[in-house]
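Examination of the molecular architecture
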Amino acid sequence: MHGKVIYLLLCLFAFLYTFSASKVINTGDAGEFAVGGITLGLAHPSGYPLYMEVLKAFSFLPLGSVAFRMVLASIIFSLLSLYVLYRVAFKITQDKYVSLFPVALLGVSYSFWGQSVVMKFYPLNLFIISLMLYAGLKVALEGYDRRWQYLGSFLLGLTLASHHTGFMMVVPLFILSLFYLRDVLRHLPLSLVFFFLGFLANLHMLIRGNRVFAPNPVYDLESFLTVFLRKPYQSASSVDVVKSSWQDLSGYYYAVKHTFIILISNFPVYTFPLFVLGFFWSFRLSRRLGVYLSAFFLTYSVLLAKLTFSQPLMNMDQWYIGAHQYFLPMLSGYALFCGLGLYALVRWLKNTELLKVAVPVGVSAWALLPVFERLIDQNFNDNYVAYSISKAVLSSLPVGSVYLTYGDNHTFESWYFKYVARYREDICSNDYYSPESSTIQPRGCYPLRLYKNSYVFSEFFRGNMALFASSGRLYSVIYLKPPNPLSNFLKNLFWVFSLALVPKSVEVPEKVWNKRLLSWQELEHIAMLDCANYITDDRFSSVLCTYSLPMFAYMMSAIEVPNPSGEVSYDIRYMGNTFRVSINVPGDKKYPGEAFRIPLGAQTRSFFDLYNAVVENNKPEKFRYYKYTAEYKSRSKK
């Protein structure tokens with residue numbers, strides 16, 4: 001029977017994670033996952049059918065909102081991963097107190113905590129990987145047992161229905177199998193059967209991939225392979241990413257460099273000597289153990305970084321998506337080696353039971369100190385940015401509107417409100433294939449026939465966009481500009497965190513438009529309060545808030561100030577999917593955009609204060625990896 005202390009530690013993490021978890025929809029892919037889960041459909045390639053099924057199961061819990069129930073899946077699988085880590089450490093050291101240390105270390109790390117409190121599949125993926133690690137460990141320490149080979153094979157197949165990085169466990173498991181090659185080959189046929197049984201979880205894609213919600217529908221074997229292999233991402237497809245491991249070998253230098261940056265961003269400096277000591281101690285305990293654990297760590301650090309994260313210079317979004325999400329298995333392996341390093345130190349202590357208990361317990365308690373930091377930078381409890389901004393847009397739209405979106409943070413959140421929250425089902429939400437193309441996909445109008453064949457939306461689906469837009473019911477999250485073909489006959493008018501698209505031949509009196517804007521002033525004010533006060537180090541929240549500021553500024557310009565004391569010149573220029581704002585200086589006219597003036601007075605003073613608070617709260621310096629990004633490098637050169 002293992003010590004009860006581990007259960008107390010896990011209960012502590014359960015409380016902390018639940019307290020700091022997102023209570024509503026969070027940024028990124030969460031809206032899409034919620035819709036795929038509630039409908040038992042699919043997410044973006046590779047579909048993630050296993051995660052969709054898990055989310056569906058958690059959606060039945062009688063706790064909070066549907067979004068919060070699904071976040072609980074992340075919490076549960078993170079706790080299970082921590083427990084498996086404890087069992088792995090205890091299996092090696094047979095010391096229940098030392099084994100607490102890697103659990104404490106991983107549990108409070110920046111990225112592990114961050115992924116535990118939002119709707120993401122990475123905790124589930126880590127749990128499956130951890131089970132495979134434990135199965136291999138049993139063989140490395142106790143000798144070959146075909147049952148562990150069968151379990152590992154089944155989990156390898158199952159992980160292909162979750163996230164493809166889980167299949168990278170084939171590398172350390174293969175290296176371990178070389179020590180037992182004859183036995184492994186003898187049981188290989190049945191192992192392939194178990195692998196196939198695990199892989200069958202992907203049948204979900206063929207069964208449900210064209211019946212319900214699916215961003216990339218699956219109709220047959222060809223479309224299944226397209227989604228499964230992530231072919232829509234072209235050079236980022238699963239096959240092409242694997243090929244890149246043999247190309248541009250200089251990328252391994254950056255892979256090692258970025259791996260080190262991720263580690264120092266997640267763990268205290270004092271853990272690095274423990275890691276090195278644990279690395280060498282694992283070989284002293286058992287050569288097979290050392291080889292196996294080293295292969296595991298190198299696979300999910302240097303090799304994974306080479307596949308996904310080896311460019312010389314990456315922007316903020318790449319750091320957020322890559323460094324903050326992919327490397328949970330590496331963090332787990334690092335924490336394990338640190339635990340082995342602590343075990344080596346404890347063995348050198350005087351042979352007294354007091355020291356053998358006091359030292360590891362004390363070090364584990366010390367490792368928990370970053371809890372207070374995590375309750376700030378990874379606390380999604382009060383982060384309502386994605387929820388409030390998306391709801392503000394949808395609430396502001398006239399009945400029977402078409403809402404054109406682009407990018408995960410706008411598109412997926414609109415899907416959540418439509419399909420899960422059942423809010424504003426009268427709106428047909430379409431998303432741009434790209435900002436430069438007029439190709440739009442009606443994935444937010446399910447079932448499509450209800451919208452396409454209706455009188456309200458029929459002109460839009462016939463391609464008569466000018467006629468439809470003339471009624472004031474066409475809105476877009478991006479600013480239309482060349483080379484987008486729609487920009488030739490539609491003009492942009494500021495709206496609530498979006499833009500109204502109106503035919504260029506239609507003149508809308510400015511006073512009429514401003515009056516409509518002011519009717520949504522309170523709603524927009526609430527969303528900006530969320531942008532000014534959230535404390536989470538969440539890159540996508542910052543993107544949403546920063547993108548929404550010009551719309552807020554335009555609303556300020558519409559406020560009547562009887563006796564203004566002055567005015568602010570506001571110039572916004574659109575570049576790609578973002579923009580450049582100039583205040584009291586002319587903007588760069590080579591970019592399309594708008595200019596307007598905001599009156600200064602008692603009526604706008606509180607709005608100016610709120611605007612400045614949002615700017616301050618969303619500075620790029622807040623992001624933990626900012627000093628390693630391309631944006632920081634370019635600013636430093638200036």
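In this text the structure is predicted, and so the values were computed from the model without any measurement.

Definitions and cut-offs
- Residues numbered from 1 in each chain as written.
- Predicted model: local features only at pLDDT ≥ 70, side-chain atom pairs only at ≥ 80, totals over all residues.
- Heavy atoms only, no water.
- Disulfide = S-S within 2.5 Å.
- Helix = DSSP H or I, 4+ residues; strand = E, 2+ residues; numbered from the N terminus.
- Buried < 20%, exposed > 50% of the residue type's maximum accessible area, 1.4 Å probe, protein only.
- Salt bridge = Lys/Arg side-chain N within 4 Å of Asp/Glu carboxyl O.
- Patch = residues over 30% accessible without salt bridge, like charges linked within 9 Å, V, L, I, M, F, W, Y side chains within 5 Å.
- Areas by Shrake-Rupley, 256 points an atom, 1.4 Å probe, with all protein chains shown as cover.
- Pairing = 2+ DSSP bridges.
- Axes fitted to C-alpha atoms, helices over the stretch in contact; angles between N-to-C directions.

Regarding the state of the cysteines
- Applying the stated rule across the entire model yields two disulfides.
- Across the disulfide from cysteine 428 sits cysteine 445; the S-S distance is 1.9 Å. Between cysteine 428 and cysteine 445, the S-S dihedral sits near 105°, and the bridge is therefore right-handed. Separated by 17 residues along the polypeptide, cysteine 428 in strand β2 (residues 428–432) and cysteine 445 in the loop between β3 (440–444) and α24 (448–452) bring together distant segments of the chain.
- In this structure cysteine 428 comes out as buried when scored by relative accessible area, which is 0%.
- One disulfide in the model links cysteine 531 with cysteine 545; its S-S distance is 2.1 Å.

Re the pattern of salt bridges
- Counted under the stated rule, the structure contains 21 salt bridges.
- With a closest N to O distance of 2.5 Å, arginine 443 and aspartate 431 form a salt bridge. Residue arginine 443 is found in strand β3, and its partner aspartate 431 is found in strand β2; the two are separated by twelve residues along the sequence.
- Note on aspartate 431: relative accessible area 3%, which makes it buried.
- Connected through salt bridges with shared partners, the residues Glu373, Arg374, Asp377 and Arg624 form a single ionic network.

Things to note about a nonpolar patch on the surface
- Together, Phe174, Leu178, Leu181, Leu185, Leu188 and Leu192 make up a nonpolar patch on the protein surface, roughly 560 Å² of accessible area in all.
- Looking at the nonpolar patch, the elements that each hand over two or more residues are α10 (181–186) and α11 (188–199).
- Structurally, leucine 181 is set in helix α10.
- We classify leucine 181 as partly exposed; its relative accessible area is 38%.

Describing the sheet that holds strand β7 (residues 566–575)
- In spatial order, the strands read β8-β7-β9; together these three strands make up an open sheet with antiparallel pairing. The outermost strands of the open sheet, each flanked by one partner alone, are β8 (578–583) and β9 (593–600). The average angle at which neighbouring strand axes cross in this sheet is 20°, direction not considered.
- As defined by bridge partners, β7 adjoins β9 across eight bridges and the pair is classed as antiparallel. Counted as the bridge partner of glycine 566 is leucine 600 from β9.

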